[in-house]
Amino acid sequence: MVKGSNVGVSTLSDNADSVIISLSWSSPSGEGDADVSVLLLGGNGKVRHNDDFFFYNNPAASDGSVQLLGLTPTENGTEDRIKLDLSVLPAEIDRVVVAASRHQRAAFGELENIRLVLTDGSGEGVLGFSITDASVESAFVFGEMYRRDDAWKFRAVGQGYETGLAGLATDYGIEIDEDEDDDQDTEAQDAEVQDAETAAQSRVGIAATAQATRAEPARTEATHAEPVVGAPATVVPSAAVPAQPAARSVPESARPPAPAQRLRTAKKKVAPPKVAKPSLAENDSWRSARLFPASSLKSDHEREMRATSILLSVMAQVPKFGHRLTAGFGAPAGRMETFTEVSLPNGDSPRRPDGIIRVERAGKLWTALVETKTNGNPLKAEQIQAYMDIAARRGYEAVITLSNDVALEGSPLVDVRIDGRRKHKVALWHLSWAEVTHQAQMLINHEGVRHESQAWLLRELLHYLQHDNSGCHGFQNMGPAWVPVRRGIDEETLCAGDARTVLVVESWERLIRQVCLRLGGEIGEKVVPVQRARRGTDPGSRRVALADRLCEDGLLHAEVRIEGAPGILLITADLRLSRLRTSIEVPAPELGYPLTWVKRLVKQLGEAPADLHVQTLVEGDGTGPRSTLEKLRPEPGDLLPKDGSQITGFRLSLSKGIGSTRGNAESGFIRSVDSAVDRFYLSVVTQVVAQAQGEKRTAQRGRNTASAGVPA
């Protein structure tokens, strides 16, 4: 579509009552990102109230009409998806505006390949619209759905705002306080929260430590909602509030109207969960009784049956968790019921999928067949093809495969044939056990659920998934090509064009995506791989190019963006030297003197490993002095360029040996990557995150002072 054009959605698809709108972009620097938002407008072109504005702090409507599904990495960048159930939108809603904004009013002109795609209920893309003229705008209305003669149409808008989310929202009747103010409001509370978090570090591991160095308390407002399990309650001692004289009663008619509530757009930050109560066991040999025991499992068939039954039952009993896993597959937000070992007719040989998920919403049913694998067992194409055919014949919406493998765009886990002649189309989706674990961790450890029984069920599910005998540990094998490729690198006999190197590159991509899911679940932040390929790049061609580079230099590269971190985390595996390097580039402060910067950096890294390498970055993409932290502690001035070049930042890096085996053993390559990323994040990134947040507040105070005309 072109800017300003419109089209009737029902003319493009017969399955358009529920649609998914995907906004995507790529960043040449790897650091660019944006946040999607949705506004429901009445006939006057304004929202009815603040609850009609959906963004990161209000991601879903109670009636399921709007759901923000979150970011996901793509081959060419990042994609943020929105699910709209047009059939349940209130009758007074005339328009649905789809927009995106950038944090701290960064410009959309810094991003590339900015595009909207609308997908119907079967998962088929039916229209697309690209924004090609972005420059200084910090917010954009991508498009809008609007009613016309009892039908929905889509209009490509492409309108930009230099005033960011505030300007965009104000146009539609919302008054907001922008997120820049929140850092100052909460700064005075940091010390108190820091003490409480530090006390919990030894008990809750990497997640609590990461939170302790970067978390700021969420602003709490009076509410009558139920308490959220996992979110700390703020208690004000009665002695702290002085007694007040009784106020005189004022007639309702004489009272002035209450001022309109201003919507806060500061991203909600969640404090770490409360520390578990001490066990009543006499010693460590006493094992707690578990709802889902795993130690007795003896065969893969047993593991698959039990894992499917446990997961589907928890999804049905914890609606927020069940919907979190299925919303991206087109499932509506409704009553979910799950089934296992159901026999379905299929000619002379009935088929028995591992599970069935059925969701009812407004009298309509959404149904998906589920096929599960555990350990390293692969999905079988013939089996999945049969389920796709059964689902098509019975009018089901989807087939979901669940295994330890991680799906990649352009590299399907199974090849199935889609009969284009059938009017009813079935979508094939894949879910990895790593993603299931990630979503459970996010809910129970960071976001919270509203009932203690649901929290307990999620904890039991997590314990089961993480048990050594469950078979649900995520990606755990670099594949059969790993050993011959490593041998070829060692012997310098590997040649460009060797198909096995492409398989190794794919396994590396899967591993990095799993690392992102695991780390994100532990620290409670968005962690996604960075893809720098330009739009339109074929995934297969891109992987072939990376495989050829692997043949030349023996290196595997990956970039990871961690929300809140000052830069991109670079991971490089050198298969020739059997070393893995993790690094991050930290920008230089805006204020102060270079010697003060390096002293502050060295002090900030007081708990970092002595073998951490620190290198100065200078103007013109150049590099300056480099040394280990151990040598810099007594002489931080060694980082200053001798020629007086302008310092633009610092590169921090750690190197460690890596395992050679392809499996998930302690000495294997996969565990080596996991431990290296954990060590670097915990001992380095968390410390520079705290420094960056402090410098941001200092710079903001300076700007505010200057704008107010107050002498510094």
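Residues numbered from 1 in each chain as written. Predicted model: local features only at pLDDT ≥ 70, side-chain atom pairs only at ≥ 80, totals over all residues. Heavy atoms only, no water.

Undergrad: I keep staring at the environment of I647 and nothing clicks. Help me out?
TA: Relative to the helices and strands, I647 resides in strand 25 (residues 647-657). Considered as a pair, I647 and G624 are 23 residues apart in the sequence and their alpha carbons are 8.4 Å apart. If near-sequence neighbours (up to four positions away) are discounted, I647 is found in contact with A588, P594, W597, T616, L617, V618, L640 and P641. (Helix = DSSP H or I, 4+ residues; strand = E, 2+ residues; numbered from the N terminus. Contact = heavy atoms within 4.5 Å.)

Undergrad: Just to check I follow, could you spell out the packing of helix 5 (residues 300-317) against helix 9 (residues 452-465) for this structure?
TA: Angle between the axes and distance between the axes: these two values describe a pair of packed helices. Put simply, helix 5 and helix 9 touch, their axes get as near as 10 Å, and they point 160° apart. Considering the angle they form, helix 5 stands roughly antiparallel to helix 9. The crossing of helix 5 and helix 9 is left-handed. Residues R303, R306, A307, I310, L311, V314 and Q317 of helix 5 touch helix 9, and the partners they reach there are Q454, L457, L458, L461 and Y464. Taken together, the residues of the contact of helix 5 with helix 9 sort by class into eight nonpolar, two polar and two charged. (Axes fitted to C-alpha atoms, helices over the stretch in contact; angles between N-to-C directions. Parallel < 35°, antiparallel > 145°, perpendicular 65-115°, else oblique. Left-handed = near helix turned anticlockwise from the far one by under 90°. Nonpolar A, V, L, I, M, F, W, Y, C, P; charged D, E, K, R; others polar.)

Undergrad: What should I look at first to understand the sheet that holds strand 9 (residues 125-131) in this one?
TA: The strands making up a sheet are joined through hydrogen bonds of the backbone, oriented either antiparallel or parallel. Read across the sheet, five strands follow the order 5-6-2-8-9 without closing on themselves; strand pairing throughout is antiparallel. Across the chains shown, the open sheet's two edge strands, defined by having one partner strand only, are strand 5 (66-74) and strand 9. Adjacent strand axes in the sheet meet at a mean angle of 20° when their direction is disregarded. Where strand 8 (residues 112-119) lies against strand 9, six bridges are found, and the strand directions are antiparallel. (Pairing = 2+ DSSP bridges.)

Undergrad: Honestly, the environment of V485 in this entry has me stumped. Any pointers?
TA: Counting through the fold element by element, V485 comes out in helix 10 (residues 482-491). Relative accessible area serves as the criterion here: at 1%, V485 is assigned to the buried category. Counting along the chain gives 18 residues from V485 to L503, while the straight-line C-alpha distance between them is 9.7 Å. Among residues more than four places away in sequence, those in contact with V485 are L494, R500, T501, V504 and L550. (Buried < 20%, exposed > 50% of the residue type's maximum accessible area, 1.4 Å probe, protein only.)

Undergrad: Sorry, what's going on with the sheet that holds strand 10 (residues 139-148) here?
TA: Reading across the sheet, the six strands line up as 1-11-10-7-3-4 and stay open at both edges, with antiparallel pairing between neighbours. Strand pairing shows two members of the sheet lacking a second neighbour, strand 1 (6-8) and strand 4 (53-54), which therefore form its edges. In terms of strand pairing, strand 7 (residues 95-101) meets strand 10 through seven bridges, oriented antiparallel. Across the sheet, the residue bridging to V98 is G143, located in strand 10. In this fold helix 2 (residues 164-171) packs onto strand 3 (35-41), strand 4, strand 7, strand 10 and strand 11 (151-161), with an angle of close to 25° to the strand it touches most, strand 10.

Undergrad: Where do I start with the pattern of salt bridges in this structure?
TA: Two side chains bearing opposite charge may form a pair once their charged atoms approach each other closely. Across all of its chains, the model carries 26 salt bridges by this definition. A salt bridge links R518 to D674, with the nearest nitrogen and oxygen atoms 3.5 Å apart. With R518 in helix 11 (residues 499-523) and D674 in helix 15 (residues 669-708), the pair connects residues that are 156 residues apart, well separated along the chain. Relative accessible area serves as the criterion here: at 16%, D674 is assigned to the buried category. Linked through salt bridges whose partners overlap, the residues forming this network are R518, E522, D674 and D678. (Salt bridge = Lys/Arg side-chain N within 4 Å of Asp/Glu carboxyl O.)

Undergrad: I tried to follow the nonpolar core on my own but got confused; where do I start?
TA: As a rule of thumb, soluble globular proteins bury nonpolar side chains together. If you look at the biggest cluster of nonpolar residues, it comprises 61 residues, and the most contacted ones within it are W508, L612, L652 and F669. Setting aside chain neighbours within four positions, we find L612 in contact with L605, S627, T628, L629, L652, S653, L654, F680 and V684. (Core = buried A, V, L, I, M, F, W, Y, C linked by side-chain atoms within 4.5 Å.)

Undergrad: Honestly, the pairing of strand 23 (residues 613-618) in this entry has me stumped. Any pointers?
TA: Within a regular strand, the side chains alternate between the two sheet faces. Most of strand 23 sits out of view: five of its six residues are buried. Bridge count for strand 23 against strand 24 (residues 622-628) is five bridges, and the pairing is antiparallel. Within strand 24, the residue paired with V618 across the bridge is G622. Hairpin connection of strand 23 to strand 24: three residues between the antiparallel strands, including G620 at a positive phi of 80°.

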